[in-house]
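# Architecture and fold: a report
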Amino acid sequence: MSDLAVNARELNKWFGEGEARTFAVRDVSFEARFGEILYIVGPSGSGKTTLLSMISGILKPNSGHVLIENQDIWSLPDDGIADFRLNRIGFVFQDYHLFPRLTTVENVAIPLILKKMDWNDALKVALEYLDIVGLKARAQLPPVKLSGGEQQRVAIARAIASRPDLLIFDEPTASLDGDTGRKIVEFVKQDILSDRRCIIIVTHDSRIFEFADRIMKMEDGRITDVATGA
Amino acid sequence: MTGILKVAFKLLVNDRGKFFALLIGITFAVFLMVMMTSMFSGILTRASATVLNIGAKVWVMDPAVNNVASSIPMPDYVLNAVRSIKGVKYAVPLYSGGALVKLRSGTYQFVTVMGLDDATLFGRPALVEGKIEDIFAENAFIVVQDAEFGKLETPRVGTEFEINDHLGRVVGLARVNTSGLFGVPTLYTTFSRATTYIPSTRFTAAYVLIEPKGNGDLSYIKSEVQKLGYEALTQEEFIQKISSFYKYKTGLGINVLLMTIISFIVGLSISGQTFYTFILENLEKFGALKAIGAKGRELVFMILFQATFTALTAYGLGVGLATTLIVTARMRLPDYAAQITYANLGLAFVMVLIIAGVSSYIGIRKVIHIEPFDIFRG
Ligand SMILES: Nc1ncnc2c1ncn2[C@@H]1O[C@H](COP(=O)(O)OP(=O)(O)OP(=O)(O)O)[C@@H](O)[C@H]1O
Ligand SMILES: [Mg+2]
């Protein structure tokens, strides 16, 4: 295993055809390493989410390659990409996307169940991850009974339950107040990051910049600057 | 796979409001479909009661007869002509007609009188009381102990009554397999007594009943009877003819068909609509599942499972409800003509499967086309 978690080469993504064609991401190459937290920042519409989607197996680039441990993920068949997402990637969506009809612990167990783990075993493991994010006591509640920050932590528990080596956060603090947001990212840096894991965070929120190892700036679909974090 | 189905189950059932709306919609549709078709089956069987109870293999009748109660008498030569057809083992006349009975209380009651061939008593019912030979005694009648029995003030052997100004005496009580549709009690007597006691046209035999020598003789017998200007039908064909009459010539069948289709459409639209809203509300969650790594076919299985589970549960509830209602109604009204047949259950089942199929198709189309990217972008 190399220390490169992500190796993106010459990625291009455009929407529309002919006159209407607009580039969301243009000629982007970058690397992310295990053990680091990489931030992607930039104005709205600069292509951050599009780039994240391409490296996490959600959106196929029009050209270019995404190498994860020397495997070109976009050369995999559809089921292979689904398995790649299931086994290697943990997503924390901006609006969490938790199931309101399932209990908190069942929500966390979802990736394990998708991995065909036995139901009761999955719940047991999920409970351990809820413990990591400090919500073991809330396991049997539906997520709507939890606060925004707690729901975000449930989403994190779900993202790490399948033990992915790449964690993807898109605007994780956007719907949290400043203090809660800071606490979440601080927690992620201290308890979730490890030297076998890479975390990529897209954010506008300058209050959390201090937790970055590197900050990559995007503008108009291109990377304009890479700086080491505060 | 079972884990993912458990998730599907919880998503469905924990959404109480929608789940019950779905159940109620489909249950009600199944209930209506089963009730309508069962009532219709009941009525059809009742309408052919006489044919079933007499049990002759072949019936000869005027071609214009389309239901067993409105028979058209045939001249006597028909009987003799039929008897001389090759392949006929024996043939007997059957009288069927209506008469007015004056009961001991002084009230009048309309009855159906079946006159059995004096020589053979072909088509005689099973007796629960009395001896069949007593039918030859003076003024003798046998009363059928069916749902209409009470209308004759529950007579016993020896009870006397007036029938068209003649004296009648009950010599036996009979049991038949199928009650009639028309709510009229039935009396059996001999052909000769029936024709003398009951004023009628010059012709007297309503039907000629044939016992063929073998099944191979049927088509020849039929064509010979046709040459006489009459029609010979096997028992099944006659029942079929009566059923068609009620189905197509009375408006009954069309109404039942319409009601069944309406219940189906109501069920389909309620459940289709509700299921669609259910899917729409969960669409983002399905998208998130896809992003996390669920495969397309796993989502399809989830939806199929949800639709099938709901449909089958509702089917059980609907059939149960219909059965309970019919059984209860039978206990209160012995006359209640409704029977649940396998065909009815099968029909409702097919319709429920269609409802489940259409509902899941709508859901699956939606879910298959969600792009995790759109969910991701928020
Ligand atoms: N499905 C799509 N069809 C057409 N254009 C799209 C589509 N998805 C994204 N775009 C365009 O691509 C560009 C980049 O979008 P993207 O969502 O990646 O930006 P972003 O940097 O994440 O912005 P934000 O900070 O607002 O989330 C935008 O101009 C957007 O309008
Ligand atoms: Mg974005």
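Our subject is the structure that appears above.
A brief report on the enclosed structure follows. (Residues numbered from 1 in each chain as written. Chains lettered and ligands numbered in written order. Predicted model: local features only at pLDDT ≥ 70, side-chain atom pairs only at ≥ 80, totals over all residues. Heavy atoms only, no water.)

### Description of the overall build of chain B
Helix and strand content of chain B: 11 helices and 10 strands. In terms of overall dimensions, chain B has a C-alpha envelope of 95 × 50 × 30 Å along the principal axes. Within chain B, the fraction of its 378 residues that count as buried is 51%. Long-range pairs, those at least 24 residues apart, make up 80% of the contacts in chain B with a sequence separation of at least 6. For chain B, the accessible surface area stands at approximately 17,100 Å², while carbon and sulfur atoms represent 60% of it. Across chain B, 34 positive and 27 negative side-chain charges occur, with their mean positions spaced 9 Å apart. (Helix = DSSP H or I, 4+ residues; strand = E, 2+ residues; numbered from the N terminus. Buried < 20%, exposed > 50% of the residue type's maximum accessible area, 1.4 Å probe, protein only. Contact = heavy atoms within 4.5 Å. Areas by Shrake-Rupley, 256 points an atom, 1.4 Å probe, with all protein chains shown as cover. Lys, Arg positive; Asp, Glu negative; His and termini not counted. Charge placed at Lys NZ, Arg CZ, Asp CG, Glu CD.)

### Considerations on the sheet that holds strand β10 (residues 222–228) of chain A
Residues and elements named next belong to chain A. Strand order in the open sheet formed by 6 strands is β6-β7-β8-β3-β9-β10, with mixed pairing between adjacent strands. Each having just a single partner strand, β6 (89–92) and β10 make up the two edges of the open sheet. Taking each pair of neighbouring strands and ignoring which way they run, the sheet shows an average axis angle of 20°. Across 4 bridges, the pairing between strand β3 (residues 37–41) and strand β9 (residues 214–219) is parallel. Note that in β9 the partner of Tyr-39 across the bridge is Ile-215. The sheet strands contacting helix α2 (residues 78–88) are β6 and β7 (166–170), and the helix crosses β6 at an angle near 75°. Each of β6 and β7 is contacted by helix α5 (residues 148–161), which is oriented at about 170° to β6, the strand it contacts most. (Pairing = 2+ DSSP bridges. Axes fitted to C-alpha atoms, helices over the stretch in contact; angles between N-to-C directions.)

### Section: the interface of chain A and chain B
Of the residues lining the interface, 30 residues belong to chain A; the matching set on chain B comes to 26 residues. Taking both sides of the interface into account, the surface hidden between chain A and chain B amounts to around 2,800 Å²; carbon and sulfur atoms contribute 69%. Notably, a salt bridge pairs Asp-79 of chain A with Arg-297 of chain B, separated by 3.0 Å at the nearest N-O pair. Here chain A and chain B share 10 residue pairs in polar contact (both at pLDDT 80 or more) between them. For the side of chain A that touches chain B, the elements supplying multiple residues, two or more each, are α1 (48–55), α2, α3 (104–114) and β7 of chain A. Partitioning the side of chain A that touches chain B into residue classes produces 18 nonpolar, 4 polar and 8 charged. (Buried area = accessible area lost by both parts, 1.4 Å probe. Salt bridge = Lys/Arg side-chain N within 4 Å of Asp/Glu carboxyl O. Polar contact = N/O pair within 3.5 Å; in protein donor to acceptor, adjacent residues only side chain to side chain. Nonpolar A, V, L, I, M, F, W, Y, C, P; charged D, E, K, R; others polar.)

### A closer look at the pattern of salt bridges
A complete count under the given rule lists 22 salt bridges over all chains for this structure. Residues Glu-148 of chain B and Lys-151 of chain B are paired through a salt bridge, measuring 2.8 Å at the closest nitrogen-oxygen approach. A salt bridge links Lys-241 of chain B to Glu-231 of chain B; the shortest N-O distance between them is 2.8 Å. Note that Lys-241 of chain B is positioned in helix α7 (residues 235–248) and Glu-231 of chain B in strand β10 (residues 231–234), a separation of 10 residues in sequence. Ionic contacts of the salt-bridge type, sharing partners, join the residues Arg-101 of chain A together with Asp-15, Lys-18 and Glu-281 of chain B into one network.

### Observations regarding the site of ligand 1
Around ligand 1, 14 residues are found, and the nearest of them are Ser-44, Gly-45, Lys-48, Thr-49 and Thr-50 of chain A. Take Lys-48 of chain A: an N or O atom from its side chain is 2.7 Å from an oxygen atom of ligand 1. If ligand 1 stood free it would expose 630 Å²; the protein chains cover 66% of that surface. For the shell around ligand 1, the secondary structure elements donating two or more residues are α1 of chain A together with α11 (372–377) of chain B. The element contributing the most residues to the shell around ligand 1 is α1 of chain A, with 3 residues. Split into classes, the residues belonging to the shell around ligand 1 amount to 4 nonpolar, 7 polar and 3 charged. (Near = heavy atom within 4 Å.)

### Thoughts on helix α4 (residues 119–132) of chain A
Given a rise of 1.5 Å per residue, 14 residues ought to cover 20 Å, and the 20 Å separating the end C-alpha atoms of α4 of chain A matches this to within 8%. What α4 of chain A keeps buried is the set Trp-119, Ala-122, Ala-126, Tyr-129 and Leu-130 of chain A. Down the axis of α4 of chain A, the buried set is contained in an arc of 100°. They therefore lie on one face. In α4 of chain A, those exposed residues whose orientation departs by more than 90 degrees from the buried face are Asn-120, Lys-124 and Glu-128 of chain A. Buried positions along α4 of chain A lie against α3 and α5 of chain A together with α1 (2–13) of chain B. Of the residues that open α4 of chain A, the one with a side-chain oxygen 3.2 Å from the backbone nitrogen of Asn-120 of chain A is Asp-118 of chain A. Within two residues after α4 of chain A, Gly-134 of chain A carries a phi angle of roughly 75°, on the positive side. (Expected span 1.5 Å × (residues − 1). Arc of directions from axis to C-beta.)

### Here we look at the layout of surface pockets
In this model, the largest pocket occupies a volume close to 470 Å³. Grouping the constituent residues of the lining of the largest pocket by class yields 12 nonpolar, 12 polar and 3 charged. (1 Å grid on protein atoms, 1.4 Å probe; cavity = no way out; pocket = protein on both sides within 12 Å on 5 of 7 lines; lining within 4 Å. Points joined across faces, edges and corners; volume = space filled by probe spheres on them.)

### What to know about the nonpolar core
Generally speaking, soluble globular proteins have nonpolar side chains that are buried together. Judged by nonpolar contacts, the single largest core of 95 residues is most densely connected at Tyr-39, Leu-130 and Ile-199 of chain A together with Phe-286, Leu-289 and Met-302 of chain B. A total of 11 residues in this core trace back to one element, the largest contributor, which is helix α9 (residues 296–332) of chain B. If sequence neighbours within four positions are ignored, Leu-289 of chain B has contacts with Phe-99, Ile-110 and Leu-114 of chain A together with Ala-294, Leu-299 and Met-302 of chain B. Phe-34, Met-54 and Ile-89 of chain A together with Ala-291 of chain B belong to the second-largest nonpolar core, a separate cluster that totals 37 residues. (Core = buried A, V, L, I, M, F, W, Y, C linked by side-chain atoms within 4.5 Å.)

### Considering unusual backbone geometry
All names here are of chain A. Even without a glycine there, the phi angle at Asn-70 is positive, about 65°. Judged by relative accessible area, which is 71%, Asn-70 ranks as exposed. The phi dihedral of Arg-163 falls on the positive side, at around 55°, and the residue is not glycine. The topology assignment puts Arg-163 in the loop between α5 and β7.

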